[in-house]
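One-letter residues, chain by chain:
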Amino acid sequence: MSKVLDEKLTKMTLEEQKLWALRHTAEHILHTSLQNLYPKLKKAMGPATPDGFYNDFDFDEKITEADFEKIEKEMKRLINLDLPMIQEDVKIEEAKKIFKNNPYKLEWIDEIEKRGEKVSTYKMGDEEIDLCSGPHLNSTGEVKAFKLLSVAGAYWHGDEKNKMLQRVYGTAFYSQKELANYLYQIEEAKKRDHKKLGQELELFMFHNTSPGMPYWLPKGLTIYNELVKFWRIEHIKRGYQEIMSPILNKKELYITSGHYDHYWSEMFVAKTEDEGEYGVKAMNCPNAHIVFDHKNRSYRDLPLRLSDTDPLHRYERSGTLNGLLRVREFRQDDAHIYVSEDQIESEYKNVFEIVKKFYSIFDINYSFRLGTRNPENFMGDVKTWDKAEKTLNKILKESGIEYEILDGDGAFYGPKIDILMKDSLGRSWQMGTIQLDFQQPRRFKLQYIDKGGSLKTPIAIHRVIYGSLERFIGILIEHFAGNFPTWLTPVQVKILPLTERNLNYANSIFKKLRDDGIRVEIDERNETLGEKIRNAQMEKISYMLIVGDKEEKEKTISVRCRDGKSLENDSLEDFIRIIKKEIEEKLIN
RNA sequence: GCCUUCCUAGCUCAGUGGUAGAGCAACGGUUUUGUAAACCGUCGACCCGGGUCCGAUUCCCAGGGAAGGCUCCA
């Protein structure tokens, strides 16, 4: 067994290992079925995954979902035959002979030879033999429930320089019930999709005229602004100073920063008649460096924390755009912190504390990842990099934070710590990031005067907490399924007058709430109460205030919460107190 | 960018080689309502451009846009 796979399996529970073997077997059955149905098809590879399995193959004819029925039928046949799965180690030379017609397998065999590992094969009865490290079930009959899910194109080794193969995704379980449950979960997750909810709740939209660039509708912008407001208050408390700088910058700025060499092809460019090219800002750091440099700085100024939320544009490849989760226009809750070398550690701790504070408010799961030097795309010398990576490793370990390492994922100017979150479909997204940068300050010739009166170059920490506001809101929508906490929700209260007789009273309440800074709407339509409630429920309003003749006469309100429950208090003053307390408690504690 | 699929009214969806039908929404009227959909009526659409055809929303080609996927180890 290969080292990588071995490591992976040892991390799993026994239950997970069993499922892994099951799915690996199902994948093997899929491949054999494909091979039986389409003899000219060449298998490339096919692993089990946490959700199922997939199989990559090279085939000139197109397989589509319309073919699934036929393929599943063949898979069923192999399962019913209950063929034994027999593992056998073979010599390199022999393996090369067996798979001589399959260049993908031969490449794998070379790789195995290079690593000095054993070549393992599996036989499925007399039907088929395949290069495979296992583990597998003992026989095909043990696969009790499976389903093919989708087809896709996938590059060999994920590299677009290689040939594009076809991929079939599927999943398998030990029982039909588990399979049905899994499919149900997927359907449920789709209901939380931020793209769907964004439209239903009128939060944002996209338009053909600017793909990947969101239009923020009034309700979505309310959420956006609340997040920025909270960010601003918390950062002022922690000594950050906010700046704003040009969106268009001459090419020369990005030549200085190094982005011209490393990033220009992913930037939008604005051409001028006679002043050359301007780059549309894709990152904030170069402008922050300019601000640092506009006057003499002293060691007393450090750490100097410059924050901003300027709009950024990046020319992301069209196929990668994904609702709010990958866009071409966005804003970050960005900051650049200039520190002396001995301040790195304590400033990182400060940043981690902000992360903890921010994320705990939303009760979202997240994980850390350290990205190290990319050998093909980095600036500066290896020694400085090694030092920076060592520093980050040390800080993470001492903070007791669990993290994974992704080699080569650093920014071109320095290693970084990313914070990841998952969307409703379980896909991971990079949210916050904290990057250490020894390079750019040198290139910008940034300096400060230290205690002894000599000039020193500061170190820059680039950091975002939400990440991009756009992506963060996308994740939030899915996390809350549109049921935002009251402090964030676009409409906190909706007043539902029972009849037209109650409009005046309803409006007087509306004005009081609005004057008190509560986001309130009134449903003046000539509709039944049932319809008004249904409507407000679907808009996911936090509180509904129902006012009819009874309330009007007694000068009270009747409060219905989003979960269908009622509040006992029936005075407006009490209600205002309750809602304000709810908001404050969430943000302060 | 590449692969697959998709694009019909503001939204959700029908449907067809002879230019489309519904529900919700919107608008007008009736009703004046007690905790998730009152009733009647009106308005409103085949993503864009070519081609094939007597005729294209439907078939073909090109474009635009969207969704899922594109290194989880044989």
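Residues numbered from 1 in each chain as written. Chains lettered and ligands numbered in written order. Predicted model: local features only at pLDDT ≥ 70, side-chain atom pairs only at ≥ 80, totals over all residues. Heavy atoms only, no water.

A. Highlighting the sheet that holds strand E7 (residues 164–173). The strand order across the open sheet built from 4 strands is E1-E2-E7-E6, with neighbouring strands paired in antiparallel fashion. Looking along the sheet, the strands with just one partner apiece sit at the ends: strand E1 (42–45) and strand E6 (145–155). Averaged over all adjacent pairs, the angle separating strand axes in this sheet is 30°, with direction ignored. Pairing between strand E2 (residues 53–58) and E7: 5 bridges, direction antiparallel. Bridge pairing in E7 places Tyr54 opposite Tyr169. Along the sheet, helix H2 (residues 14–37) contacts E1, E2, E6 and E7; its crossing angle with E2, the most-contacted strand, is approximately 30°. (Pairing = 2+ DSSP bridges. Helix = DSSP H or I, 4+ residues; strand = E, 2+ residues; numbered from the N terminus. Axes fitted to C-alpha atoms, helices over the stretch in contact; angles between N-to-C directions. Contact = heavy atoms within 4.5 Å.)

B. Layout of the UniProt feature "domain: Aminoacyl-transfer RNA synthetases class-II family profile" (unreviewed entry) in chain A. In the UniProt entry, the feature "domain: Aminoacyl-transfer RNA synthetases class-II family profile" (unreviewed entry) is given for residues 218–485. Annotated as residues 218–485, this span is 35% helix and 26% strand, and its ends, taken at the C-alpha atoms, are 18 Å apart. (UniProt positions renumbered as here; feature names shortened; annotations may be inferred.)

C. Region of interest: the packing of helix H8 (residues 218–237) against helix H15 (residues 469–480). Viewed as axis vectors pointing N to C, H8 and H15 meet at an angle of 110°, and their least axial separation amounts to 11 Å. Considering the angle they form, H8 stands roughly perpendicular to H15. In this structure, H8 meets H15 at a crossing whose hand is right-handed. For the pair H8 and H15, the contacting residues are Ile223, Tyr224, Leu227 and Val228 in the first and Leu469, Glu470, Phe472, Ile473 and Leu476 in the second. The residue inventory of the contact of H8 with H15, partitioned by class, reads 8 nonpolar, no polar and 1 charged. (Parallel < 35°, antiparallel > 145°, perpendicular 65-115°, else oblique. Left-handed = near helix turned anticlockwise from the far one by under 90°. Nonpolar A, V, L, I, M, F, W, Y, C, P; charged D, E, K, R; others polar.)

D. Quick peek at the pairing of strand E23 (residues 459–468). Counted residue by residue, E23 has 10 buried out of 10 residues, so it is predominantly covered. Taken together, the 7 bridges between strand E16 (residues 329–339) and E23 define a ladder with antiparallel strand orientation. Across the sheet, Ala335 pairs through a bridge with Arg463, a residue of E23. As paired elements, strand E20 (residues 428–437) and E23 share 5 bridges and run antiparallel to each other. Paired with Gln435 across the two strands is His462, which belongs to E23. (Buried < 20%, exposed > 50% of the residue type's maximum accessible area, 1.4 Å probe, protein only.)

E. Spotlight on the pattern of salt bridges. Enumeration over the complete set of coordinates arrives at 43 salt bridges. For Glu188, the salt bridge goes to Lys191, with nearest N and O atoms at 2.9 Å. With Glu188 and Lys191 both in helix H6 (residues 176–191) and 3 residues apart, this pair spans about one turn of that helix. For Glu188, a relative accessible area of 27% corresponds to the partly exposed category. The exposure class of Lys191 is partly exposed, given its relative accessible area of 48%. The partner of Glu242 in a salt bridge is Arg232, with the nearest N and O atoms 2.7 Å apart. Linking Glu242 in strand E10 (residues 241–242) with Arg232 in helix H8, this pair joins segments that are 10 residues apart in sequence. A single network of salt bridges, built from pairs that share partners, joins Glu27, Lys43, Lys105 and Asp130. (Salt bridge = Lys/Arg side-chain N within 4 Å of Asp/Glu carboxyl O.)

F. Expanded view of the layout of surface pockets. If you add up the space inside the largest pocket, you get close to 1700 Å³. What lines the largest pocket is a set of 45 residues, among which Tyr263, Glu266, Arg314, Lys416 and Gln430 lie closest to the centre. Broken down by secondary-structure element, the contributors of at least two residues to the lining of the largest pocket are helix H10 (259–263), E16, E20 and E23. In terms of residue count, E20 provides more of the lining of the largest pocket than any other element does, 6 residues in total. Among the residues making up the lining of the largest pocket, the classes are represented as 13 nonpolar, 19 polar and 13 charged. Those elements that provide at least two residues to the lining of the second largest pocket are E6, E7 and H6. Top contributing element to the lining of the second largest pocket by residue count: H6, with 8 residues. Looking at the lining of the second largest pocket residue by residue, the classes come out as 9 nonpolar, 8 polar and 5 charged. In terms of domain composition, the lining of the second largest pocket takes at least three residues from each of domain 1 (3–190) and domain 2 (229–242 + 282–480). (1 Å grid on protein atoms, 1.4 Å probe; cavity = no way out; pocket = protein on both sides within 12 Å on 5 of 7 lines; lining within 4 Å. Points joined across faces, edges and corners; volume = space filled by probe spheres on them. Domains from an automatic or database assignment.)

G. Fine view of the UniProt feature "binding site: Zn(2+)" (unreviewed entry) in chain A. Here, UniProt's "binding site: Zn(2+)" (unreviewed entry) annotation points to Cys285, His336 and His462. Despite a sequence span of 178 residues, these residues sit close together in the fold, their greatest C-alpha distance being 7.5 Å. The subset of these annotated residues that lines the largest pocket comprises Cys285, His336 and His462. Along the polypeptide, His336 turns up in strand E16. Overall, His336 belongs to the buried group, its relative accessible area being 1%. Filtering out sequence-adjacent residues up to four positions away, His336 remains in contact with Asn284, Cys285, Ala288, Leu304, Arg305, Leu306, Ile461 and His462. By the element assignment, His462 lies in strand E23. In this structure His462 comes out as buried when scored by relative accessible area, which is 5%. Setting aside chain neighbours within four positions, we find His462 in contact with Cys285, Ala335, His336, Tyr413, Thr433, Ile434, Gln435, Asp437 and Gln440.

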